[in-house]
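Coordinate analysis (summary)
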Amino acid sequence: MYRKILIYIILIAGSISTLHSQVGNSVYSFLDLPVSSRIASLGGSNVSLRDNDLSFSFCNPALLSSENNKQISLSIANYLAGIKFGTAMYGFQLKEKHLLAVGMQYIDYGKFVETSETNEELGSFTAKDMALYLIYNYKISDRISVGGTLKPVYSVYERYTSYGVAMDAGASYAIPEKFFYAGITLRNIGTQLKGYYNTGGNQHYEPLPFQIEAGISKKLNHAPFRFSLTLHNLQRWNLNYLSGENVDDELTKEASFLDMALRHTIIGVEFVPGKNFYLSAAYNHRRHSELKMTGFKSAAGFSFGGGIKLYKFHVGFGMSTFQTGLSAYQFSIATALNDFGL
């Protein structure tokens, strides 16, 4: 039975990846933003680590675990150009092998001044995106879990509105006694139900940011260090910046095979002496390749963070570097109602 399901998933993923490799930019790109400070400090994504951190299930629904029962997590980020985004999550266990989590993700681009063609101020407007999350996880065995996420999406930019639906599907494999975890997920499978505008009397639809991710995490047996390798955008090999455009710029040069392979990777490391404290760092090569500047030293692609448990609350901080002096900061706080006897 499971072999047949796996074959169907591979066939569906293959057909979807072929479709998306032929299109241009996607909508609802905010769905790929890090959902917590810890995810941000690990390079923006981690689909393998099954931990007591609820936010990992937003990257891979198969990572939802019984440790997330009655757990609440909140996160807010100060992004570039005054943009703010955040998440709110709650996880709970239905039965022994069935878990659920609900949440939301939003991004607020701020307030803009509306002007006429002659630069006369007419008022102001806002731009926002929001997605709801309904995550389901089924524990097949002590080592294998599968899960799915349903994500209704709503977007409004001034008078232009759009809504759609996205889904995630994932699987997780764990050998806890050896501190080894692996996962794979198909993210943002879906479509716009209403586009932002019409063309020729018909709705103009754009693709969602579909991608396939896989990863592994391994903690050393006799040292408090855990390493993670996350592979992203596996449905598409060519990740050249502005690929296909005839622009005379260092960033648009064709990448070598090794460089292109590294653009699909995120390498992370954590110092974890216990469950109540961690320090983390990561390197995202694609981010570095796209944001580096010729002739300047840049920390683009590197991210850092840490977290600690204070009383009954887990507090975390993450920093993602884009250019020298240009970074995004994310703060998270989480607690479990069980700790309060609820």
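Above this text is the structure in question.
A short tour of the structure in this document, coming up. (Residues numbered from 1 in each chain as written. Predicted model: local features only at pLDDT ≥ 70, side-chain atom pairs only at ≥ 80, totals over all residues. Heavy atoms only, no water.)

Attention shifts here to the overall build of the protein chain. Looking only at helices and strands, the protein chain features 4 helices and 16 strands. Relative to its 342 residues, the protein chain shows a buried fraction of 43%. A separation threshold of at least 6 residues defines the contact pool for the protein chain, and within that pool the share at least 24 residues apart is 54%. If you sum the accessible surface of the protein chain, you get close to 17800 Å²; carbon and sulfur atoms cover 62% of it. (Helix = DSSP H or I, 4+ residues; strand = E, 2+ residues; numbered from the N terminus. Buried < 20%, exposed > 50% of the residue type's maximum accessible area, 1.4 Å probe, protein only. Contact = heavy atoms within 4.5 Å. Areas by Shrake-Rupley, 256 points an atom, 1.4 Å probe, with all protein chains shown as cover.)

Attention now goes to the packing of aromatic side chains. On inspection of all chains with the given rule, the structure shows 13 aromatic pairs. Considering the side-chain rings of tyrosine 109 and tyrosine 157, the 5.8 Å spacing of their centres and the 85° angle between planes classify their relative orientation as edge-to-face. Of the two residues, tyrosine 109 is situated in strand 3 (residues 98–115) and tyrosine 157 in strand 5 (residues 144–157); the sequence distance between them amounts to 48 residues. The class of tyrosine 109 is partly exposed, set by a relative accessible area of 24%. (Phe/Tyr/Trp six-rings, centres within 6.5 Å; stacked < 30°, edge-to-face > 60°.)

Time to look at unusual backbone geometry. When glycine is set aside, most residues are seen to have a negative phi, and most peptide bonds are trans. In this structure, glutamate 158 is a non-glycine residue whose phi angle is positive, near 55°. Tracing the backbone shows glutamate 158 in the loop between strand 5 and strand 6 (160–175). Overall, glutamate 158 belongs to the partly exposed group, its relative accessible area being 23%. One non-glycine residue, asparagine 233, lies in the positive phi region at around 50°. Mapped onto the elements, asparagine 233 comes out in the loop between strand 11 (225–231) and helix 3 (257–262).

The next point concerns the pairing of strand 14 (residues 302–310). Every other side chain in a regular strand lies on the same face of the sheet, so the side chains alternate between the two faces. Pairing geometry for strand 13 (residues 277–284) and strand 14, over 7 bridges, is antiparallel. Paired with serine 280 across the two strands is glycine 305, which belongs to strand 14. Here strand 14 folds back onto strand 15 (residues 313–323), and the loop between the two strands holds 2 residues, one of which, tyrosine 311, carries a positive phi near 60°. (Pairing = 2+ DSSP bridges.)

Moving on to the environment of phenylalanine 317. Looking at where phenylalanine 317 falls in the secondary structure, it is placed in strand 15. With relative accessibility at 31%, the residue phenylalanine 317 sits in the partly exposed group. Through-space distance from the C-alpha of phenylalanine 317 to that of alanine 40 is 8.8 Å; in sequence the pair is 277 residues apart. For phenylalanine 317, the residues in contact, after removing those within four places along its chain, are Ser37, Phe304, Gly305, Gly306, Tyr329, Gln330 and Phe331.

The subject of this paragraph is the pairing of strand 5. When strand 4 (residues 121–139) meets strand 5, the two strands line up antiparallel, connected through 11 bridges. Each residue of the ladder has a partner; that of tyrosine 138, found in strand 5, is valine 146. Hairpin remark: strand 4 followed by strand 5, antiparallel, with 4 residues in the connecting loop. Pairing between strand 5 and strand 6: 14 bridges, direction antiparallel. Across the sheet, proline 152 pairs through a bridge with valine 165, a residue of strand 6. In textbook terms, the turn of a hairpin is the stretch between consecutive antiparallel strands, and for strand 5 and strand 6 this stretch comprises 2 residues, one of which, glutamate 158, has a positive phi near 55°.

Turning next to the layout of surface pockets. Its volume calculated, the second largest pocket comes out at about 1000 Å³. Along the walls of the second largest pocket sit 50 residues, with Asp51, Asn52, Asp53, Glu67 and Lys275 positioned nearest its centre. Of all the elements in the fold, those that place two or more residues in the lining of the second largest pocket are helix 2 (37–41), strand 1 (71–78), strand 4, strand 12 (265–274), strand 13, strand 14, strand 15 and strand 16 (326–336). Considering only residue class, the lining of the second largest pocket consists of 17 nonpolar, 20 polar and 13 charged. (1 Å grid on protein atoms, 1.4 Å probe; cavity = no way out; pocket = protein on both sides within 12 Å on 5 of 7 lines; lining within 4 Å. Points joined across faces, edges and corners; volume = space filled by probe spheres on them. Nonpolar A, V, L, I, M, F, W, Y, C, P; charged D, E, K, R; others polar.)

Further remarks concern a nonpolar patch on the surface. Nonpolar side chains collect at one region of the surface, where Leu74, Phe277, Leu279, Ile308, Leu310, Val315 and Ile333 lie side by side and expose about 550 Å² of accessible area between them. Among the elements of the structure, strand 13 and strand 14 are those that each provide at least two residues to the nonpolar patch. (Patch = residues over 30% accessible without salt bridge, like charges linked within 9 Å, V, L, I, M, F, W, Y side chains within 5 Å. Salt bridge = Lys/Arg side-chain N within 4 Å of Asp/Glu carboxyl O.)

This next bit is on the pattern of salt bridges. Across all of its chains, the model carries 14 salt bridges by this definition. When the shortest N-O distance is used, the salt bridge between glutamate 114 and arginine 159 registers 3.2 Å. Of the two residues, glutamate 114 sits in strand 3 while arginine 159 sits in the loop between strand 5 and strand 6, which places them 45 residues apart along the sequence. A relative accessible area of 58% places arginine 159 in the exposed class. Between arginine 143 and glutamate 177 there is a salt bridge, with the nearest N and O atoms lying 2.8 Å from each other. Of this pair, arginine 143 sits in the loop between strand 4 and strand 5 while glutamate 177 sits in the loop between strand 6 and strand 7 (180–194), placing them 34 residues apart in sequence. Classification of arginine 143 by relative accessible area gives partly exposed; the value is 30%. Connected through salt bridges with shared partners, the residues Arg38, Asp51, Asp53, Arg226 and Glu270 form a single ionic network.

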